[in-house]
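The lines below spell out each chain.
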Amino acid sequence: MSTADHPAPRSLAEALRVRDDSSLAALLRSRPDLITPVPTDLTQLATRAGTRASVVRALERLDRFALQTAEALAVAQDPASYDELLGLMAGDDGDPAVATALPGAVAVLREQALVWGDDDRLRLVRTARELLAPSPQHPSPTGLGPTVQEATAAMSPGRIQEIVAAAGLASTHDAVSAAAALTGLFTDRARMDALLGEAPADSLDVLDRLVWGPPYGQVTADPAARLRWLLDRGLLLPTAPGTVVLPREVALHLRAGRAHHAPEPVPPAVEPAAAHAPAVVDATAAGQAYTALTTVEELLKDWDEGGPTVLRAGGLSVRDLKRTAVALDVAEPVAAFWVELAYAAGLLASDGEADERYAATPAYDEWVERPPAERWARLAEAWLSATRTSGVVGGRDMKERALSALGPGLDRSAAPEVRHRVLTLLAGLPEGAAPTPGTVLARLRWERPLRGRGTAGTPRASDTEGEGDDLRSRLAQWTLSEAETLGVTGRGALSAHGRALLGAPEPKAAPADASAGPGGRLPFPHHRAAPLEPLSPAAQAVATAAATRLLAPLLPEPLDHVLLQADLTAVAPGPLRRPLADTLGVLADVESKGGATVYRFTPGSVRRALDAGRTASDLHAFLATHSRTPVPQPLAYLIDDVARRHGHLRVGAASAYVRCDDDALLNEIVADKRAAGLRLRRLAPTVLATQADPATLLEGLRAMGYAPAAESAEGDVLIARAHAHRTPPRTAPEPVPDGPPVPDGTLLTAAIRAIRAGDLASTAPRKPTAAGAPLPGGALPRTGSAETLATMQAAVLTGESVWIGYVNAEGAASQRVIAPVRVEGGYVTAYDHTADEVRTYPLHRITGVAELADDER
């Protein structure tokens, strides 16, 4: 910032006032909480930017070097010059990397209104200084303690004079000058070297243990000689009975002027662990993507007739999650991921009935008919933006309540940001390169060192107890695993369709001579990923469509045939087209899955197809049409045998009854000991009745080997069709935002215009009142209606601008600078300088009017 055009600002508000619109837009974009709601003027904006909650939020979004710069300013003089800050960051010997990166860090702090002032008077906002400055309760991250002036504030004047004399300084007339003399000694490199040259070796060992913090130590009432030597010369100062501290000036001398033990001006590189051919990566990811689709379909088919019940507190029980994991043949954490993903995509929800259960939504029926690539894109897009995090399932919340899948308490607002950032880092690697997970975590920790925990070590209220410090790292690890499971990555590397989903640019090609070194590591240690911003909804839709186009050719083409075998099995050598897969899923049971799916035909599965309304001839024709091998004779016999007996018995409601034209068959059932539990009794030669309900009777007879069919009250056979249970229409769960959303360009333009308008009105000089005092800038003018009307009419004649207070229909008060053009009918038409347009105002809503100073007209 140059002082040639503007005087040095005396406050943050003045510093904001000289910014241009693009600079204000950058501030509001980086700290969107500042315009929720829009401030009335720049003074209110500066006040809001200095509040504790807003400053903490801004500090949490700083990278490690910018945060280290703010921490250095917190222990520097206030104000501090840029050269002083550079000395604290780079040390006496200088560090070229720090010197190169420091201007950018200061620019970031300035942009976010955490630092203001010219380079010769840099000031950290007061709240940030309070949060980052060292104190006994919250030691500084720098490891530095209080200054000599602060540490000696409560010390007796006599004791200070004794220290001054022991240090070889002339006595002073008061304690303040004595502390200043000690400060001058400790900040003089030559004199401090001479003083420490006289120190015993064991005294220097004490200083070495305290120099990088914590700076506090314990002493007894009778300190040892090595401690006494340091205490007598003020190199250690008492802060409380039995406690001493290493003054900040002494520590900085011992550190060669550096505030931090290890400044980190350059982010750690994300190092590739292995390289794969891009085609292999894409094919692997496509295979995982197809597995994801079949897994979600299998999950929801398993819950077609009504899934597990909803716990009273919400979510799945542990037992139901285990059953789901067994049905999907995956581990429980993976089952929780699939359940949560289907829920996030709006394909799964609770039905809302009295006996509440989970089931597929109507959106599932629409989703399942879409092409495979489009179905995957919906899942991937839902995963990318979801805040519900399956990784915490099985843990406990702050009230020690168990966290269950589909239950409350799973939202982690940082999850979308971490997922996006992890994938961005992968996108920055050469095509086909898989990262070393440790370097990804190190990079994330550098970019957000305070994220997930509060400033000064205070846990964030939004985090579950015990997970704050490592939540971001855990989210990153889950992201790497889930991206592979979902098919966004393949063999650890970002796929082409994953890159398109992210909206990333074309990948950088790996060097032609790149080859894996020892341990499979690649020679790309210095590669840095360019940051990518999350996409707007419209841009995300475009990116999702691009990902769909890239993935579609890689997915296997569904087949229209199976291979029937003589052992009553059918082999599907690949994915089947939907009508074939649905029908075969009813006619046969899945025996094994993998590259090829094996189905087994059983009497129960054939009966299931007959119950669904198929006839024996339908089944024979279906198998003959879709089998590349002849229909085996045992399978044809099985279908005919089950069909011959199917529906021979009829079950209705009496509570339940059985009727059959063959009274010999009914006699056989009554005589069967296995039917004793059904308590059947004969009503007629062809009818048996029981107190059991029809469903129990059906199951009992089927267990005895019969093939009864249910019938309606009219005597018609009831057809049990699949896919009957659906929830009412449901919307997918909304992600829990991590603070206010980043404003778009339109909102920023409007907000800046409104802030500047309000600032113009609040800062415009007013003429003195009749009492001789100018009107206060923050107060609305107050005049009577007659005076207001007369002043307006006079302004119309002279063409001068005036300052008014105005209350709108909602009761919101504001200040405006207007140039009246016409006054009539109880309204004033004027050019509004604050809004930069002509407006009409009712006179009864104007609280008062005041003339502007002559130099503002």
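Small disclaimer: the values here were computed from a predicted structure and weren't measured.

### Overview of helix α31 (residues 694-703)
Part 1 of the reasoning: Taken together, the buried positions of α31 are Leu697, Leu698, Gly700, Leu701 and Arg702.
Part 2 of the reasoning: Measuring from the backbone nitrogen of Ala695 back to the side-chain oxygen at the start of α31 gives 3.1 Å, which picks out Asp693 as the cap.
Part 3 of the reasoning: Backbone geometry just downstream of α31 places Gly705 in the positive-phi region, at approximately 105°.

### A word on the packing of helix α21 (residues 415-427) against helix α23 (residues 471-486)
Part 1 of the reasoning: One can describe the packing of α21 onto α23 by two numbers: an axis separation of 9 Å at closest approach and a directional angle of 60°. The orientation of α21 with respect to α23, classified from their angle, is oblique. Note that α21 runs across α23; the crossing there is right-handed. Residue-level contacts link Ala415, Glu417, Val418, Arg419, Val422, Leu423 and Leu426 of α21 to Arg472, Leu475, Ala476, Thr479, Leu480, Glu482 and Ala483 of α23.
Part 2 of the reasoning: Class assignment for the residues of the contact of α21 with α23 results in nine nonpolar, one polar and four charged.

### Regarding the sheet that holds strand β13 (residues 569-572)
Part 1 of the reasoning: The strand order across the open sheet built from four strands is β12-β13-β15-β14, with neighbouring strands paired in antiparallel fashion. Both outer strands of the open sheet, β12 (563-565) and β14 (589-592), are each paired with one neighbouring strand and no more. Each strand of the sheet is rotated relative to its neighbour by a mean of 30°, with strand direction disregarded.
Part 2 of the reasoning: In the sheet, β14 pairs with strand β15 (residues 597-600) via three bridges, with the strands oriented antiparallel. Among the inter-strand pairings, Ser592 is bridged to a residue of β15, identified as Val598.

### A short note on helix α14 (residues 225-232)
Part 1 of the reasoning: Listed in full, the buried residues belonging to α14 are Leu227, Trp229, Leu230 and Leu231.
Part 2 of the reasoning: The secondary structure elements touched by the buried residues of α14 are α10 (157-166), α12 (189-197), α13 (201-210) and β5 (243-245).
Part 3 of the reasoning: Among the residues trailing α14, Gly234 stands out with phi positive, at a value near 75°.

### Some remarks on the pairing of strand β18 (residues 681-684)
Part 1 of the reasoning: Pairing of β18 with strand β19 (residues 687-690), which is carried by three bridges, proceeds in the antiparallel orientation. From the neighbouring strand, Arg682 faces β19, where its bridge partner is Leu688.
Part 2 of the reasoning: Two successive antiparallel strands, β18 and β19, enclose a turn made up of two residues.

### Overview of the packing of aromatic side chains
Part 1 of the reasoning: Summed over the entire model, instances satisfying the criterion amount to four aromatic pairs.
Part 2 of the reasoning: With centroids separated by 4.9 Å and ring planes inclined at 70°, the aromatic side chains of Tyr806 and Tyr841 adopt a geometry described as edge-to-face. Placement of the pair is Tyr806 in strand β21 (residues 802-807) and Tyr841 in strand β24 (residues 837-842), with a sequence separation of 35 residues.
Part 3 of the reasoning: For Tyr841, a relative accessible area of 3% corresponds to the buried category.
Part 4 of the reasoning: For Arg375, the ring lying beneath its charged end belongs to Trp367, and the centroid distance is 5.5 Å.

### Side note on the sheet that holds β24
Part 1 of the reasoning: Spatial ordering of the open sheet is given by β24-β23-β22-β21-β25, a layout of five strands whose pairing is antiparallel. Taken across any chain shown, the strands that pair with only one partner, and hence form the sheet edges, are β24 and β25 (846-851). Neighbour to neighbour, the strand axes of the sheet diverge by 45° on average, direction disregarded.
Part 2 of the reasoning: Here β21 pairs with strand β22 (residues 813-824) via six bridges, running antiparallel. Opposite Gly805, over in β22, you have Gln815 as the bridge partner.

### Observations concerning the side chain of Asp351
Part 1 of the reasoning: Topologically, Asp351 is positioned in the loop between β7 (348-350) and β8 (358-360).
Part 2 of the reasoning: For the buried residue Asp351, which engages in no salt bridge, the nearest side chain bearing the opposite charge is Arg357, 6.0 Å off.
Part 3 of the reasoning: Not counting chain neighbours up to four residues away, the residues in contact with Asp351 comprise Glu356, Arg357, His725, Thr727, Pro728 and Arg730.

### So, the environment of Asp738
Part 1 of the reasoning: Along the chain, Asp738 falls in the loop between β20 (709-710) and α32 (745-763).
Part 2 of the reasoning: The buried category is assigned to Asp738, whose relative accessible area is 18%.
Part 3 of the reasoning: For Asp738 and Glu417, which are 321 residues apart along the polypeptide, the C-alpha to C-alpha distance reads 8.8 Å.
Part 4 of the reasoning: Within the local environment of Asp738, its side chain forms a polar contact with the side chain of Arg61, the two groups lying 3.3 Å apart.
Part 5 of the reasoning: Side chain to side chain, Asp738 and Ser413 meet in a polar contact 3.4 Å long.

### Describing the pattern of salt bridges
Part 1 of the reasoning: Counted under the stated rule, the structure contains 36 salt bridges.
Part 2 of the reasoning: Between Arg323 and Asp320 there is a salt bridge; the shortest N-O distance is 3.6 Å. With Arg323 and Asp320 both in helix α17 (residues 318-328) and three residues apart, the pair spans about one turn of that helix.
Part 3 of the reasoning: The shortest N-O distance in the salt bridge between Asp611 and Arg607 comes to 3.9 Å.

### Quick word on the nonpolar core
Part 1 of the reasoning: Judged by nonpolar contacts, the single largest core of 91 residues is most densely connected at Leu59, Phe186, Leu235 and Leu236.
Part 2 of the reasoning: Here this core gets eight residues from one element, more than from any other, and that element is helix α5 (residues 64-75).
Part 3 of the reasoning: Judged by nonpolar contacts, the second largest core, of 75 residues, contains Val296, Leu426, Leu502 and Ala546.

### Concerning the side chain of Asp320
Part 1 of the reasoning: For Asp320, a relative accessible area of 11% gives the class buried.
Part 2 of the reasoning: Ignoring sequence-local partners within four residues, the contact set of Asp320 consists of Pro308 and Thr309.

### Quick notes on empty space enclosed by the protein
Part 1 of the reasoning: Summed over the entire model, instances satisfying the criterion amount to two cavities of 30 Å³ or more.
Part 2 of the reasoning: Roughly 100 Å³ of internal volume is contained in the largest cavity.
Part 3 of the reasoning: Phe337, Glu340, Leu341, Ala344, Trp383, Ala386, Arg388, Thr389, Ser390, Arg419 and Glu482 together form the lining of the largest cavity.
Part 4 of the reasoning: At four residues, helix α18 (residues 332-344) tops the list of elements feeding residues into the lining of the largest cavity.
Part 5 of the reasoning: Partitioned by chemical class, the residues of the lining of the largest cavity number five nonpolar, two polar and four charged.
Part 6 of the reasoning: Estimates place the volume of the second largest cavity at around 30 Å³.
Part 7 of the reasoning: If you go around the second largest cavity, the residues you meet are Thr389, Ala415, Arg419, Leu475, Trp478, Thr479 and Glu482.
Part 8 of the reasoning: Counting residues per element, the ones that place at least two in the lining of the second largest cavity are α21 and α23.
Part 9 of the reasoning: Broken down by element, the residue count for the lining of the second largest cavity peaks at four residues, all from α23.
Part 10 of the reasoning: By residue class, the composition of the lining of the second largest cavity is three nonpolar, two polar and two charged.

Reading the values: rules and limits
Residues numbered from 1 in each chain as written. Predicted model: local features only at pLDDT ≥ 70, side-chain atom pairs only at ≥ 80, totals over all residues. Heavy atoms only, no water. Buried < 20%, exposed > 50% of the residue type's maximum accessible area, 1.4 Å probe, protein only. Helix = DSSP H or I, 4+ residues; strand = E, 2+ residues; numbered from the N terminus. Polar contact = N/O pair within 3.5 Å; in protein donor to acceptor, adjacent residues only side chain to side chain. Axes fitted to C-alpha atoms, helices over the stretch in contact; angles between N-to-C directions. Parallel < 35°, antiparallel > 145°, perpendicular 65-115°, else oblique. Left-handed = near helix turned anticlockwise from the far one by under 90°. Contact = heavy atoms within 4.5 Å. Nonpolar A, V, L, I, M, F, W, Y, C, P; charged D, E, K, R; others polar. Pairing = 2+ DSSP bridges. Phe/Tyr/Trp six-rings, centres within 6.5 Å; stacked < 30°, edge-to-face > 60°. Lys NZ or Arg CZ within 6 Å of the ring centre and 35° of its normal. Lys, Arg positive; Asp, Glu negative; His and termini not counted. Salt bridge = Lys/Arg side-chain N within 4 Å of Asp/Glu carboxyl O. Core = buried A, V, L, I, M, F, W, Y, C linked by side-chain atoms within 4.5 Å. 1 Å grid on protein atoms, 1.4 Å probe; cavity = no way out; pocket = protein on both sides within 12 Å on 5 of 7 lines; lining within 4 Å. Points joined across faces, edges and corners; volume = space filled by probe spheres on them.

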